[in-house]
Amino acid sequence: MYYTKETILFLNGKFIKAVDAHTDLYSQTLHYGFGAFEGIRAYQTQNGTKIFKAYEHFERLRKSCALVGIPFQYETEELTQIAYQLLERNNLSDSYIRPLVYCGPNMTLTQPQDVFLMMCAWEWDKYHGDKQLKLCVSSYQRPNPNSLKMEAKVTGHYVNSILATSEAKVRGYDEALMLDMEGNVAEAPGANIFIEKNGVLYTPPLGHILPGITRQTVINICRELDIPVKERPIKPEELDSADSAFLCGTAAEIAGIESIDAKPFKKEWYESLGATVQEAYKCQVLEKSFSYVII
């Protein structure tokens, strides 16, 4: 359950109880998936409750709207203030925040006139928990970037993600790994991927994937720790010779991968570069110091 009868959310300029919130059933977002959203985490740090990468997330929300032509008037600072007020009103610290920009009633395939903002929050553990994941290569591909704005976090894009994850679950796996239209490794339905080989981390380049904020955080961590990281196309057959791999995303955080298509990786997770990145990421979101020694 994401809310109780006491849960407060923000809707169109007001903080109201979630049970009192209503939406128009003729909404263009409901009918056509034309809306934008973000997934953001807040953490109880040594310095109080902090929203991790709030600026980056709300800037991306605004950019997503601009890319697909959804008029959205809120500024980043205003959105950040609303998010902190939301946490305070619900007495939340470690939590997940979901802002959603949705459109008013419009049965035509044209730019909306009325646009609204909803923001809610709830306690949510890591999306995949702490276990090492078993992935399968999905029969569903990431969409052609000439057909959609892949860099926009749009609600309708996630039909593709639901199909891929559902297929993986039916096949007995934890999650899917999707390829792009060129047959290269793209990403998981809700997370980016890194693979390790011979002391280097590799990740697919931008273009066919969502430019994840956690993905960029991982790249920054690697630079700080002098861990080599390269962005380049990755062929599926390269996964067979990789030493380890992990997913990263706001909801998933850093999630180690045990196997892909039932083929385990060579390294134990605790020995991998991903495990080091995982610990460094945890320290960063909790605002703790982290030391790393290359042996």
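- An unreviewed UniProt entry lists the chain under the name Branched-chain-amino-acid aminotransferase, with Chryseolinea lacunae as the source organism.
- Recorded under Sequence similarities (unreviewed entry), the UniProt text for the chain is reproduced unchanged: "Belongs to the class-IV pyridoxal-phosphate-dependent aminotransferase family."
- Recorded under Cofactor (unreviewed entry), the UniProt text for the chain is reproduced unchanged: "pyridoxal 5'-phosphate".

### Points about the pattern of salt bridges
Item 1. Going through the model one piece at a time under the given rule, you end up with 13 salt bridges.
Item 2. With its nearest N and O atoms 3.5 Å apart, the salt bridge here joins glutamate 75 to arginine 62. Remark: arginine 62 occurs in helix 2 (residues 54–68) and glutamate 75 occurs in the loop between helix 2 and helix 3 (76–89); sequence separation between them is 13 residues.
Item 3. The exposure class assigned to glutamate 75 is partly exposed, which follows from its relative accessible area of 47%.
Item 4. One salt bridge in this structure joins glutamate 187 and arginine 142, with 2.9 Å as the shortest N-O distance. Of this pair, glutamate 187 sits in strand 10 (residues 185–187) while arginine 142 is found in the loop between strand 8 (133–137) and helix 4 (158–170), placing the two residues 45 residues apart along the sequence. Pair check on accessibility: glutamate 187 and arginine 142 agree, each one buried.

### Quick look at the packing of aromatic side chains
Item 1. Tallying each qualifying case throughout the model produces 13 aromatic pairs.
Item 2. Centroid distance tyrosine 96 to tryptophan 122: 5.2 Å. Interplanar angle 50 degrees. Geometry classified as tilted. Residue tyrosine 96 is located in strand 6 (residues 95–103), and its partner tryptophan 122 is located in strand 7 (residues 115–122); the two are separated by 26 residues in the primary sequence.
Item 3. With relative accessibility at 4%, the residue tyrosine 96 sits in the buried group.
Item 4. Judged by its relative accessible area of 12%, tryptophan 122 falls in the buried class.
Item 5. Clustering of aromatic rings is evident, with ring pairs tying together Tyr2, Tyr96, Trp122, Trp124 and Tyr127.
Item 6. Its end group placed over the ring of phenylalanine 15, arginine 89 keeps NZ or CZ at 4.2 Å from the ring centre.
Item 7. Seen from the ring of tyrosine 202, arginine 232 lies directly overhead, with NZ or CZ sitting 4.4 Å from the centre.

### Let's talk about the nonpolar core
Item 1. Membership of the largest hydrophobic core comes to 25 residues, with the highest contact counts inside it found for Ile51, Phe58, Phe72, Leu79, Ile97, Leu117 and Met119.
Item 2. If you tally residues by element for this core, the top one is helix 3, at five residues.

### What about the pairing of strand 1 (residues 8–11)?
Item 1. Of the two faces of strand 1, the one lined by Ile8 and Phe10 and the one lined by Leu9 and Leu11 are each fully buried.
Item 2. In this structure, strand 1 lies alongside strand 2 (residues 14–17), joined through four bridges in antiparallel fashion. Bridging from a neighbouring strand, leucine 11 pairs with lysine 14 of strand 2.
Item 3. In this structure, the hairpin formed by strand 1 and strand 2 is closed by a connection of two residues, where asparagine 12 is found at a positive phi of approximately 50 degrees.
Item 4. Judged from the two bridges that link them, strand 1 and strand 7 form a sheet pairing that is antiparallel. When the sheet's bridge partners are listed, phenylalanine 10 is paired in strand 7 with methionine 119.

Calculation rules
- Residues numbered from 1 in each chain as written.
- Predicted model: local features only at pLDDT ≥ 70, side-chain atom pairs only at ≥ 80, totals over all residues.
- Heavy atoms only, no water.
- UniProt positions renumbered as here; feature names shortened; annotations may be inferred.
- Salt bridge = Lys/Arg side-chain N within 4 Å of Asp/Glu carboxyl O.
- Helix = DSSP H or I, 4+ residues; strand = E, 2+ residues; numbered from the N terminus.
- Buried < 20%, exposed > 50% of the residue type's maximum accessible area, 1.4 Å probe, protein only.
- Phe/Tyr/Trp six-rings, centres within 6.5 Å; stacked < 30°, edge-to-face > 60°.
- Lys NZ or Arg CZ within 6 Å of the ring centre and 35° of its normal.
- Core = buried A, V, L, I, M, F, W, Y, C linked by side-chain atoms within 4.5 Å.
- Pairing = 2+ DSSP bridges.

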